[in-house]
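# Chain and residue survey
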Amino acid sequence: MSGKKTYKTHIVIICLLIALMPMFAGRAAFAENDGTTGEGGAAASGEQHAEEPKEEPGPESNTGDGTEEQARTEQNGDDELQEEEDQRDPSENPGGDGSDGQADKPDDGTSFDDSVFTAEDGKPVIKSAAALVYCRNTGETICAKGTEKKLSPLGLTKLMTALLAAQKLPLDQDITVSAAAASQDSPKLGLVEGETVSAERLLYALMLQSSNDAAYALAESISGTEADFVALMNSTAANIGCRNTWFAGITGTVTDVSAEYTTAKDLLEIAKLAYGNETLLKIAGTDSYEMPATNMSDARQLTQTVTLVTDGRDGYAGGCMGYASDSRMNLSMYYRQNGLDLITIVLGAKTVRVNAETDTLIDYAAANVNGITVVKAGRNMGKARVGHGAETRVDVLTSQDCIVYLPRQGSKDLIRTETVINTDVEAPVKAGDVVGKCRIYVADELVNEIDLVAGSDVETGWLPSYIGISNRASVIASVVIFLVLLLLLVRNINIARSRRRRRRLRRDKALEIARHELEEEQRRRKRR
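This text gives an overview of the structure that appears in the document. (Residues numbered from 1 in each chain as written. Predicted model: local features only at pLDDT ≥ 70, side-chain atom pairs only at ≥ 80, totals over all residues. Heavy atoms only, no water.)

## Quick word on the overall build of the protein chain
Applicable threshold: Only runs of H or I of at least four residues qualify as helices and only runs of E of at least two qualify as strands under DSSP, and these elements are numbered from the N terminus. Type-normalised accessible area, obtained with a 1.4 Å probe on protein chains alone, sets the label of each residue: buried when under 20%, exposed when over 50%, and partly exposed for intermediate values. Note on contacts: a residue pair is in contact if any heavy atoms of the two residues lie within 4.5 Å.
Broken down by element type, the protein chain carries 14 helices and 18 strands. Evaluated residue by residue, the protein chain yields a buried proportion of 38% over its 528 residues. Long-range contacts, defined here as pairs at least 24 residues apart, represent 61% of the contacts in the protein chain between residues at least 6 apart.

So this is what it looks like as structure tokens:
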């Protein structure tokens, strides 16, 4: 019996071991997959371990307020991001040239730093050598990279040339083209020595097609010689605060950055003045211009070469660009949309990326500049008088939100609105037709203007509308006149009936009297 009990005990122990084996196997697998070390296992079972001391930063890791580190990021890019960019597939390179992140070349005016710029708080990634977006409303630079880096201005030199020409030459002044101007390299208008062209038409050629010969002719008409005009350019740059700018020519064809250079920050100062000139901004935002025939040429058709003006989003009001020989370019744009005025400067960008980077800067600025909605879309601003209309007046509504962007220290008390409703509105009018303007002023400066539109359709009215009577008023007047005439008719009928009745009564009364008299007479005769 004892042997059988021992045998049964062994069987029970074996069964228990077999049943517990999956549990031990599962815990072992869990520990292996989770990477748990011996210390970790002890911690999981409730054992406490002292926290490892953190490494204290040494003296060299102190960055103060972070300004120096941010400046290094702006100038040279983030090394870790650059390393990540270098590891990307060349086919993913936005420039499309298959470059694989080679080391930067020294600046010689035609090769640029291609570092990646990543600002904090979701700011855009900019691959160009330098870039910024500036809000003219608030006076703030919203986002910037490498703004103090000296680079070749290339064709953006012509912003200064155009600015001086607009300031110093009457638009209708005729300019005779010299041999030196006619001999300029491309891009050029094709001016001929002895040809006479007005300053305004040369400005169109300069701003729309970046014409070197037009720029040279304008410069000569101001200063007489190229050297004197370049001296004027440099003195003007110094006067407006461009401390890191030096011009060596009129057209921006000097690509040696040691001889001619500027910075994004300095170009912003030039762009403020150039785009602040309404004549230049109008010219820079023109899609095409037909230049009339001259004494030595037939009419010329000028086409805008800044594609963001012709094919970009709504809001690009003008721009200026310049190319380098290594598929790099500079681009400056002026953006104006619903009261928001922005200036962008992009230097040393790959040609295929420059428009996208400009759009990115605009998007970021538009999303991060706080505006005040002064008037909401659809607000009734009054009524416009409609000539010859089925209705003499129509509701006037705002076509969109009207937004104002104030400087940081600006007060809302400085904002005022002005409603201007057209006085020459003629039927027919369709809902949405522009019938006026809503203007917003800040401290008496016009900062925004939106269309006022008709709130409903107004068809051409009937003949009375020519004397200012609407169709509805005509109907009402007709009904009133009809009722008045009807009342008069009824009254006249009643009067006529009354008269006939009175005459009949008088006649009947007279007959009654005569009959009584006759009867009295007969009675008297009988008594006799």
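## A few points about the packing of helix α5 (residues 157-168) against helix α10 (residues 264-276)
As a reminder of what qualifies: To obtain an axis, a line is fitted to C-alpha atoms, over the contacting stretch when the element is a helix, and the angle between two such axes runs from 0 to 180 degrees between their N-to-C directions. Orientation is classified from the angle alone, with under 35 degrees giving roughly parallel, over 145 giving roughly antiparallel, 65 to 115 giving roughly perpendicular, and any other angle giving oblique. Throughout, a crossing is termed right-handed when the near helix is turned clockwise from the far one, and left-handed when it is turned anticlockwise from it by less than a right angle. Put simply, Ala, Val, Leu, Ile, Met, Phe, Trp, Tyr, Cys and Pro go in the nonpolar bin, Asp, Glu, Lys and Arg in the charged bin, and everything else, Gly too, in the polar bin.
Closest axis-to-axis distance for the α5/α10 pair is 9 Å, and the angle between their directions is 45 degrees. What the angle tells us is that α5 and α10 run oblique. For α5 against α10, the interelement crossing comes out left-handed. Together, Leu 159, Met 160 and Leu 163 of α5 and Ile 270, Ala 271, Leu 273, Ala 274 and Tyr 275 of α10 make up the contact between the two elements. Tallied by class, the residues present in the contact of α5 with α10 amount to 8 nonpolar, no polar and no charged.

## Points about helix α7 (residues 199-209)
Of all 11 residues in α7, 8 are buried, a share of seventy percent or more. If you check which residues of α7 are buried, you get Ala 199, Leu 202, Leu 203, Tyr 204, Ala 205, Leu 206, Met 207 and Leu 208. Positive phi appears at Ser 210, one or two residues downstream of α7, with a value of about 55 degrees.

## Looking at the pairing of strand β9 (residues 316-323)
Convention followed: Here, strands pair whenever DSSP counts at least two bridges between them.
In terms of burial, β9 is largely enclosed, as 6 of its 8 residues are buried. Where β9 lies against strand β10 (residues 328-337), 7 bridges are found, and the strand directions are antiparallel. Opposite Met 321, over in β10, you have Leu 331 as the bridge partner. Following β9, the chain reverses through 4 residues before pairing antiparallel with β10; Ser 327 in that reversal takes a positive phi of roughly 60 degrees.

## Looking at the sheet that holds strand β14 (residues 393-398)
Strand order across the open sheet formed by 5 strands is β13-β14-β18-β17-β16, with antiparallel pairing between neighbours. On the outer flanks of this sheet lie β13 (380-385) and β16 (415-421), each paired with one strand and no other. On average, each strand axis in the sheet is inclined to that of its neighbour by 30 degrees, with strand direction left out of account. In terms of strand pairing, β13 meets β14 through 5 bridges, oriented antiparallel.

## With respect to empty space enclosed by the protein
So the rule is basically this: Whether a set of points on the 1 Å grid over the protein atoms alone is a cavity depends on a 1.4 Å probe fitting there but being unable to get out, while an open set qualifies as a pocket with protein on both sides within 12 Å along at least five of seven lines; lining residues are those with an atom within 4 Å of a point. Grid points are joined across faces, edges and corners, and a volume is the space filled by probe spheres set on the points.
Under the criterion given, the structure shown has 1 cavity of 30 Å³ or more. Of the pockets and cavities examined, the largest cavity occupies roughly 40 Å³. As for the largest cavity, its lining consists of Leu 206, Met 207, Leu 208, Ser 210, Thr 305, Val 306, Gly 319, Cys 320 and Met 321. Per-class residue counts for the lining of the largest cavity are 6 nonpolar, 3 polar and no charged.

## Describing the sheet that holds strand β4 (residues 140-145)
One key point about sheets: their strands pair by backbone hydrogen bonds, in either a parallel or an antiparallel sense. Pairing in this open sheet of 5 strands is antiparallel, and the strands run β4-β3-β11-β10-β9 from one edge to the other. Two strands lie at the open edges of the sheet, namely β4 and β9, each paired on one side alone. Averaged over all neighbouring strand pairs, the angle between strand axes comes to 10 degrees, with direction disregarded. Across 5 bridges, the pairing between strand β3 (residues 130-135) and β4 is antiparallel. Its bridge partner being in β4, Leu 132 is matched across the sheet by Ala 144.

## Structural notes on the side chain of Thr 358
Here Thr 358 is to be found in helix α13 (residues 354-368). What Thr 358 contacts, discounting residues up to four positions off in sequence, is Leu 308, Tyr 316, Leu 331, Met 333, Thr 344 and Val 346.

## Focus on helix α14 (residues 471-527)
Counted only if it meets this: By this rule, a helix spans an expected 1.5 Å times one less than how many residues it contains.
For α14, built from 57 residues, the straight-helix expectation of 84 Å at 1.5 Å per residue is met to within 8% by its first-to-last C-alpha distance of 83 Å. Where α14 is concerned, the buried positions are Asn 471, Ser 474 and Ser 498.

## Things to note about the layout of surface pockets
Any empty space left between the atoms is revealed when a probe the size of a water molecule rolls over them. Approximately 580 Å³ is the volume found for the second largest pocket. Lining the second largest pocket are 24 residues; nearest its centre among them are Arg 336, Asp 341, Leu 446, Val 447 and Asn 448. Contributions of two or more residues to the lining of the second largest pocket are made by β10 and β18 (445-454).

## Details of the packing of aromatic side chains
Both the distance between ring centres and the angle between the ring planes are used here to describe each pair of aromatic rings. Operational definition: Think of it this way: a Phe, Tyr or Trp ring, Trp meaning its six-membered ring, pairs with another when their centres are within 6.5 Å, and the plane angle makes it stacked under 30 degrees, edge-to-face over 60, tilted otherwise. The rule for a charge over a ring is simple: NZ of Lys or CZ of Arg within 6 Å of the ring centre, and within 35 degrees of the ring normal.
Scanning the model with the defined rule gives 3 aromatic pairs in all. Relative to Tyr 334, the ring of Tyr 275 has its centre 5.5 Å away and its plane inclined at 50 degrees; by these criteria the two rings are tilted. Placement of Tyr 275 in helix α10 and of Tyr 334 in strand β10 is noted, with a sequence separation of 59 residues between them. According to the relative accessible area criterion, Tyr 275 is buried, its value standing at 1%. Judged by its relative accessible area of 0%, Tyr 334 falls in the buried class. Sitting above the plane of the Tyr 441 ring, Arg 416 keeps its charged end 4.2 Å from the centroid.

## Description of the side chain of Gln 304
Selection rule: Polar contacts, as used here, are pairs of N or O atoms within 3.5 Å; protein pairs need one atom able to donate a hydrogen and one able to accept it. Residues neighboring in sequence count only if both atoms are side-chain atoms.
Examined against the element boundaries, Gln 304 turns out to sit in the loop between β8 (300-303) and α12 (307-311). Looking at Gln 304, its side chain comes within polar contact range of the main-chain oxygen of Ala 284, at 2.9 Å. Those residues in contact with Gln 304 that sit more than four places away from it in its chain are Met 207, Leu 208, Ala 284, Gly 285, Thr 286, Asp 287, Val 309 and Thr 310.

## Remarks on the packing of α7 against helix α8 (residues 212-223)
Between α7 and α8, the least distance of the axes is 8 Å, while the angle of their chain directions is 140 degrees. On the basis of the axis angle, α7 is oblique to α8. When the axes of α7 and α8 are compared, the crossing they make is left-handed. Note on element contacts: α8 touches α7 through Ala 214, Ala 215, Ala 217 and Leu 218, opposite Ala 199, Leu 202, Leu 203, Ala 205 and Leu 206.

## What to know about the pattern of salt bridges
Put simply, the test is: For this analysis, a salt bridge means a side-chain nitrogen from Lys or Arg found within 4 Å of a carboxyl oxygen belonging to Asp or Glu.
One pass over the structure, following the stated rule, counts 17 salt bridges. Between Arg 336 and Asp 341 there is a salt bridge, and its shortest N-O distance comes to 3.0 Å. Asp 444 serves as the salt-bridge partner of Arg 416, at 3.4 Å between the closest nitrogen and oxygen. Within this pair, whereas Arg 416 is found in strand β16, its partner Asp 444 is found in the loop between β17 (434-442) and β18, the two being separated by 28 residues in sequence.

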